[in-house]
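# Summary of the model geometry
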Amino acid sequence: MTVFGIDPVADQLDEVLTALDEGRLPAERRQVDFKEETGRRGRGGEILPGEDQSDAAATALAPEVACMANTPGGGALILGVADDGTVIGTALNEDWLQVRLYQLLQQAYTTSIHPVMIRGVRVLVIRCPPAVEPIRWKNRITWRVGDQCQDIDSASWHERRAFSWGFDWSAQSSGVAVDRAQPVAIQIARDFLEAAGDARSEELAQAPQVDLLRRLGAVHDDGTFTNAGALLFVGRATPALDYMRRPAAGADTQERVNIEGRSLLEELAAVFTAARSYNPEIHLMKGLVIGRTRAVPERALREAIVNGLAHREWIDTRPTTVEHIGRTVRVTSPGGFFGGVRPENIINHPPVSRNKDLSQLLATLRIAERQGVGVDRMFGDMIRAGHPIPVIDEVDGVMVRTVLAAERADEGWIRWLGDITPDIRSDLRALMALHRLCQKRWTDPEDLAPVLQLTVEEARQTVQQLAVLELAGERVCHEIEGLPVQAPRPGVALNAEAYGGLVELRQESGAVVSEPSREEIAVDYAQQKGRISTTELGSILGVHPTNLGRVLRSLESQGLLTPSRSNRRGAGFFYHWAG
């Protein structure tokens, strides 16, 4: 059960499981407890058949899991064992139970659950990593004192946590001697440093092995590898990565990288090589210059894979999976979001990692960007190539999934964006805002705020950046006319000339251009703003308002709009959104 050499919970768990398997009654420990599944006994004490799902059992387990999570160092529960040591077993599905516990604990905590056989009877081991914030059950915080759960107030919990947990898992001693480093892993580390191209990394790449490992921060004060160092240079028994390549959804697998007994650096190098071989180069012509990029931006692909390793839950023995299907890459890693990160704040959330030392070690090796930069680079690289923005979400609270969808590089967009002045390609906020503007033909601070994950006031500053952009000496956008006094400002629309130039470049590159219709733009604007007038729609489309009355009347006939006046005329007339 131990990941490397030192894991007190795993060691206690092994002792308890061994005792149970030998028919002995083990003493329950502070960090290991066994529980009988609720609802498995009849009135006479007889054992009843189990089911694969039982809300009563999950609800009874939730406070026990919260208690273990709040205990320094975390702990484990063995489900299916009575207080007297009788192994009753459980039929509960481990995946269902993991998701249900996450739901019961207010979507704030993720366990790792796997089945174990004891004398031919199936039980579940529920590993409970130490919580970052106290996990409450019915507004109570409990933790283990001896072999009992006791109440503790929030202030005391935080104080003792700060005293007891001044480290992260990846920084702890693994107990693995540094001379166990795989020679191939050492060479791969040197190769990554050499490829970085800066003088410091190149100098470090030439250091003697012991010096190299210490300067990388892979060695603990006790002289053995840290857990992060052991992962990267020695590896674990089961694969940390599982890469699958298929040419299309539902097609046979072309290649799979699933390596046992190798260091994480060896696994990473193998996956990077395989992914690159199926990620073709795209040649882009601009004037007489030919540029090159990859179908999936290479830096974004690497960041997605590395993030799936750096921020995952390593107590969970499952691998981080990389599904490379056509030109879409999907990376799924064990463990939910951590430290307050959510899909709606991931771009601007302060850097946080459940494995700080591992993240730093990967950054020092120049395999990944430093914390707080990688996600920005991933988003920026995808948008600059004209792809949809990455999707990073939580799957049932127990996995994090990153999707990079890159079916075709948008050559027209790449050329058009390169002609914009001032150059905003390295400014993620402005880049995302311009991308949004080109998709919708209009935007304003309220529309942009959730996209940029900013406040409305911060988004207003980004809209003001858009207002000064130029293309061939002409402004790219203009303020929308006809806005009511109370509307958020500035509201801007893409100039017809700038939009036409983008469409033309896309057509020249052979792209299939799907432009939103006037009706679609009108519906989008009215739905978001609650109103629309021919003046506003005309300003967005770059046409005279008198040519648009028919569009809005058609939407009225469909029940989507209602007139502000029954005579439908006069200064200030507009339609309300009614859809």
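We now turn to the structure provided with this report. (Residues numbered from 1 in each chain as written. Predicted model: local features only at pLDDT ≥ 70, side-chain atom pairs only at ≥ 80, totals over all residues. Heavy atoms only, no water.)

## Examining helix α5 (residues 183–196)
Where we set the bar: Numbering goes from the N terminus for both helices and strands, where a helix is a DSSP run of H or I of at least four residues and a strand is a run of E of at least two. Every helix has an expected span of 1.5 Å times one less than the residues it contains. Buried means the residue's accessible area, taken with a 1.4 Å probe over protein chains only, is under 20% of the maximum for its type, while exposed means over 50%, and partly exposed covers the values in between. Here a residue-residue contact requires only that any non-hydrogen atoms of the pair lie within 4.5 Å.
Between the first and last C-alpha of α5 there are 20 Å, a value that for 14 residues agrees with the 20 Å anticipated at 1.5 Å per step. All of the buried residues in α5 are Ala-185, Ile-186, Ile-188, Ala-189, Arg-190, Phe-192 and Leu-193. Structurally, α5 contributes buried residues whose contacts are with α6 (199–205), α7 (209–216), α8 (227–233), α9 (264–277), α10 (298–310) and α11 (356–364). Gly-197 lies just past α5 and shows a positive phi near 85°.

## Observations regarding the environment of Ile-383
Tracing the chain through its elements places Ile-383 in helix α12 (residues 374–384). Judged by its relative accessible area of 0%, Ile-383 falls in the buried class. Between the alpha carbons of Ile-383 and Met-432 there is a distance of 7.3 Å; along the sequence they are 49 residues apart. The contact partners of Ile-383, leaving out residues within four places of it in the chain, are Ile-389, Trp-413, Leu-431, Met-432 and His-435.

## Examining the state of the cysteines
Counted only if it meets this: When two cysteine sulfur atoms are found within 2.5 Å, that pair is recorded as a disulfide.
Summed over all chains, the structure comprises one disulfide. In this model Cys-67 forms its disulfide with Cys-149; the gap between the sulfur atoms is 2.1 Å. Judged by the sign of its S-S torsion, about -115°, the bond between Cys-67 and Cys-149 is left-handed. Of the two residues, Cys-67 is situated in helix α2 (residues 55–70) and Cys-149 in strand β6 (residues 148–151); the sequence distance between them amounts to 82 residues. By relative accessible area, which is 33% here, Cys-149 ends up partly exposed. In this structure Cys-438 is a free cysteine whose sulfur lies 9.5 Å from that of Cys-477, the closest cysteine sulfur available. Accessibility expressed as a relative area gives 4% for Cys-477, which makes it buried.

## Some thoughts on the sheet that holds strand β19 (residues 470–471)
Note the threshold: DSSP bridges decide pairing: two strands pair if at least two such bridges lie between them.
Judged by pairing direction, the sheet is antiparallel, and its three strands sit side by side in the order β17-β19-β20 without closing on themselves. Only two strands of the sheet have a single neighbouring strand rather than two, namely β17 (420–421) and β20 (474–475). Strand direction decides the pairing type here: β17 and β19, joined by two bridges, are antiparallel. When the sheet's bridge partners are listed, Ile-420 is paired in β19 with Leu-471.

## So, the packing of α9 against α10
Formally: Angular values range over 0 to 180 degrees, each being the angle between N-to-C directions of two axes fitted as lines to C-alpha atoms, with helices fitted over their stretch in contact. A clockwise turn of the near helix away from the far one marks a right-handed crossing, whereas an anticlockwise turn of less than a right angle marks a left-handed crossing. Side-chain classes are defined by residue name, with Ala, Val, Leu, Ile, Met, Phe, Trp, Tyr, Cys and Pro counting as nonpolar, Asp, Glu, Lys and Arg as charged, and the others, Gly among them, as polar.
One way to put it is that α9 packs onto α10 with a least axis distance of 11 Å and a crossing angle of 150°. Crossing hand, α9 versus α10: right-handed. In this structure, α9 uses Leu-264, Leu-268, Val-271, Phe-272, Ala-275 and Arg-276 to contact α10, whose residues at the interface are Glu-298, Leu-301, Arg-302, Ile-305, Val-306 and Leu-309. Residues of the contact of α9 with α10, tallied by class, amount to nine nonpolar, no polar and three charged.

## Things to note about the pairing of strand β9 (residues 241–246)
For β9, the buried fraction is high: six of the six residues fall into the buried class. Side chains of β9 alternate between two faces, with Leu-241, Tyr-243 and Arg-245 and Asp-242, Met-244 and Arg-246 buried alike. Where β9 and strand β13 (residues 320–325) come together, six bridges link them in parallel fashion. Note on β13: the bridge partner recorded for Tyr-243 is Val-322. As defined by bridge partners, β9 adjoins strand β10 (residues 255–257) across three bridges and the pair is classed as antiparallel. Opposite Met-244, over in β10, you have Arg-256 as the bridge partner.

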